[in-house]
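# Structural overview
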Amino acid sequence: MKKIGDKIKNIPIIRKLNTYRWMPLVWWSILVVILPYVSSLLHVPIVWREGLLFMIIDSIIAYHVGNLILKLKLKRWWLLLLPIVFCLAMLPKFALYNLMFGLIYLIELLRNICYNLKL
């Protein structure tokens, strides 16, 4: 598995993209977009997709992205990337009530920022 990761990292365009300090946020956002479609292709029941993927895994990713924004000292508008990308990914295939999770991820990001800044 590590060999595959090394091969991917050595692709010239990936290597060039990874030089930007904000690329981890983009990779995490792409993962958030891909996971619901993969779970749908694997016929994961909706209850498990909602509970495990949207509520737990994506919330952990949102927390991690909030930490990255603080650690990399990025501008605050990066907070909107994950929720907006998630909502756009939900529109074509999934029910509209899933858009609520975009708001939950935004709140998770803001809570993390406020906690770390001691506001």
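Here, the structure is the one placed above.
An account of the accompanying structure is given in this report. Here the structure is a predicted model, which means the values were calculated and not measured.

Along its length, the chain carries six helices and zero strands. Helices (α) and strands (β) of the chain occur, in sequence order from the N terminus, as α-α-α-α-α-α. If one aligns the C-alpha atoms of the chain with their principal axes, the spans along those axes are about 40 × 40 × 25 Å. Here the chain holds 119 residues, and the buried ones make up 32% of them. When contacts within the chain are restricted to residue pairs at least 6 apart in sequence, long-range pairs at least 24 apart make up 71% of them.

Looking now at helix α3 (residues 23–41). Look at α3: 27 Å from first C-alpha to last across 19 residues, which is about the 27 Å you get at 1.5 Å a residue. The principal kink in α3, of about 25°, is found at I34, preceding the proline P36 by one to four residues. Within α3 the residues assigned to the buried category are M23, L25, S29, V32, P36, S39 and S40. At its buried positions, α3 is contacted by α2 (12–17), α4 (46–71) and α5 (81–90). Immediately beyond the C-terminal end of α3, within one or two residues, lies H43, with a positive phi of roughly 60°.

Let us look at the nonpolar core. Counting 22 residues, the largest nonpolar core has L25, F54, I69 and F86 as the members making the most contacts within it. At eight residues, the largest contribution of residues to this core is made by α4.

So, about the side chain of S29. Tracing the backbone through its elements, the reader meets S29 in helix α3. For S29, a relative accessible area of 4% puts it in the buried group. Residues contacting S29, with those up to four places away along its chain left out, are L81, L82 and V85.

Where α3 meets α4, the axes come as close as 10 Å, and the angle between the chain directions of the two elements is 175°. Viewed along their axes, α3 and α4 adopt a mutual orientation that is roughly antiparallel. Contacts between α3 and α4 involve P24, L25, W28, L31, V32, L35, P36, S39 and S40 from the first element and R49, L53, F54, I57, D58, I61, H64, V65, L68 and I69 from the second. Among the residues forming the contact of α3 with α4, the class breakdown is 14 nonpolar, three polar and two charged.

What counts and how
- Residues numbered from 1 in each chain as written.
- Predicted model: local features only at pLDDT ≥ 70, side-chain atom pairs only at ≥ 80, totals over all residues.
- Heavy atoms only, no water.
- Helix = DSSP H or I, 4+ residues; strand = E, 2+ residues; numbered from the N terminus.
- Buried < 20%, exposed > 50% of the residue type's maximum accessible area, 1.4 Å probe, protein only.
- Contact = heavy atoms within 4.5 Å.
- Expected span 1.5 Å × (residues − 1).
- Bend = angle between axes of the 7 residues up to and from the residue.
- Core = buried A, V, L, I, M, F, W, Y, C linked by side-chain atoms within 4.5 Å.
- Axes fitted to C-alpha atoms, helices over the stretch in contact; angles between N-to-C directions.
- Parallel < 35°, antiparallel > 145°, perpendicular 65-115°, else oblique.
- Nonpolar A, V, L, I, M, F, W, Y, C, P; charged D, E, K, R; others polar.

Keep in mind these values describe shape, not function.
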